[in-house]
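The lines below spell out each chain.
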Amino acid sequence: MSRRLRALARHRQGGLGSQRAFTLIELILVIVLLGTLSAVAGPRFFDSGAFEERRYQDELTAALRYAQKVAVASGCAVRVDIGATTYALNQQPVSAGHCNAASATFDVPVVLPTGEPMQGTAPGTVTVSPAQSIVFDALGRTSLIGDQTFVVGSRSILVRADSGLVTTP
């Protein structure tokens with residue numbers, strides 16, 4: 001057999017000519033890059049505080065909007081009590097099929113279509129400030145004197161006094 005044929009046969013059989021591997025420098029470079037990536041990006045994946053803030057901001061915003069819609073749809077004023085870590089929606093009592101506008105109490109909980117009262121609790125270390133009550137009237141307006149900004153962690157919710165518009169700037 002000629003040298004060429006023997007070299008070709010050795011190459012096809014997985015001889016010395018077909019071995020491939022990474023150099024030590026390439027392996028070290030990959031390990032350094034993975035270490036740097038895990039040190040920078042890892043904490044972001046395991047810290048859920050920002051996600052909890054955003055979730056509670058969305059939940060509280062939806063609750064405020066729901067309170068306004070219930071007030072407009074039912075014709076009864078709805079009060080949203082916002083605490084540092086909780087919120088609850090309550091309505092004026094109904095008398096003879098109509099809202100008792102003369103009543104200053106809001107002792108009827110607003111219920112969801114599932115029958116559960118509309119209320120919530122902030123997750124973990126998320127807090128809201130300031131703690132305040134807002135009343136939405138039958139036209140969707142608020143009892144606020146001026147616009148109110150609620151701070152949820154590092155995020156905010158703005159409630160317009162004149163229109164009751166709830167936004168997240």
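Note that the structure is a prediction, hence the values are computed from the model and not measured.

1. So, the overall build of the chain
Scanning the chain from terminus to terminus reveals three helices and 11 strands. Going from N to C terminus, the chain has its helices and strands arranged as α-α-α-β-β-β-β-β-β-β-β-β-β-β. When burial is assessed residue by residue, the chain has 30% of its 169 residues classed as buried. The contacts of the chain with a sequence gap of at least 6 include a subset with a gap of at least 24, amounting to 51%. About 11200 Å² of surface is accessible on the chain, with carbon and sulfur atoms providing 60% of the total.

2. Digging into the sheet that holds strand β9 (residues 148-152)
Across the sheet, which stays open at both edges, the four strands sit in the order β7-β9-β10-β11 with antiparallel pairing between neighbours. With one partner strand each, in any of the chains shown, β7 (128-129) and β11 (166-167) form the two edges of the open sheet. Two elements, strand β10 (residues 155-159) and β11, share two bridges in a ladder whose sense is antiparallel. Across the sheet, residue L158 finds its bridge partner in β11, namely T167.

3. A few points about the packing of aromatic side chains
If you walk through the whole model with that rule in mind, you get one aromatic pair. Between Y56 and Y87 the ring centres are 6.2 Å apart and the planes differ by 50 degrees, which places this aromatic pair in the tilted class. Of this pair, Y56 sits in helix α3 (residues 49-74) while Y87 sits in strand β2 (residues 86-91), and the two are 31 residues apart along the sequence.

4. Observations regarding the nonpolar core
Counting 26 residues, the largest nonpolar core has L60, L64 and L89 as its most contacted members. Broken down by secondary-structure element, the contributors of at least two residues to this core are α3, β1 (78-82), β2, β8 (132-136), β9 and β10. The element contributing the most residues to this core is α3, with seven residues. If near-sequence neighbours (up to four positions away) are discounted, L64 is found in contact with V80, I82, I134, F136, I157, V159 and V166.

5. Re the pattern of salt bridges
If you walk through the whole model with that rule in mind, you get five salt bridges. The closest approach of N and O atoms between D58 and R54, which form a salt bridge, is 3.2 Å. Of this pair, D58 and R54 both sit in helix α3, four residues apart, which is roughly one turn of that helix. For D58, a relative accessible area of 38% corresponds to the partly exposed category. E59 is the salt-bridge partner of R55, the closest N and O atoms lying 3.1 Å from each other. Pair noted here: R55 and E59 are both in helix α3, with a separation of four residues, about one helical turn. R55 gets classed as partly exposed once you look at its relative accessible area, which sits at 43%. Note on E59: relative accessible area 22%, which makes it partly exposed.

6. A closer look at the state of the cysteines
For the structure on display, the rule yields one disulfide. Paired through a disulfide, C76 and C99 show a sulfur-sulfur distance of 1.2 Å. On the sign convention where negative means left-handed, the S-S torsion of about -100 degrees between C76 and C99 marks this disulfide as left-handed. Separated by 23 residues along the polypeptide, C76 in the loop between α3 and β1 and C99 in strand β4 (residues 98-99) bring together distant segments of the chain. Of the residues examined, C76 reaches a relative accessible area of 5% and is grouped as buried.

7. Observations concerning the side chain of Q57
If you trace the backbone, Q57 turns up in helix α3. What makes Q57 buried here is its relative accessible area of 5%. If near-sequence neighbours (up to four positions away) are discounted, Q57 is found in contact with V152, R155, S156, I157 and T168.

Criteria and cut-off values
- Residues numbered from 1 in each chain as written.
- Predicted model: local features only at pLDDT ≥ 70, side-chain atom pairs only at ≥ 80, totals over all residues.
- Heavy atoms only, no water.
- Helix = DSSP H or I, 4+ residues; strand = E, 2+ residues; numbered from the N terminus.
- Buried < 20%, exposed > 50% of the residue type's maximum accessible area, 1.4 Å probe, protein only.
- Contact = heavy atoms within 4.5 Å.
- Areas by Shrake-Rupley, 256 points an atom, 1.4 Å probe, with all protein chains shown as cover.
- Pairing = 2+ DSSP bridges.
- Phe/Tyr/Trp six-rings, centres within 6.5 Å; stacked < 30°, edge-to-face > 60°.
- Core = buried A, V, L, I, M, F, W, Y, C linked by side-chain atoms within 4.5 Å.
- Salt bridge = Lys/Arg side-chain N within 4 Å of Asp/Glu carboxyl O.
- Disulfide = S-S within 2.5 Å.

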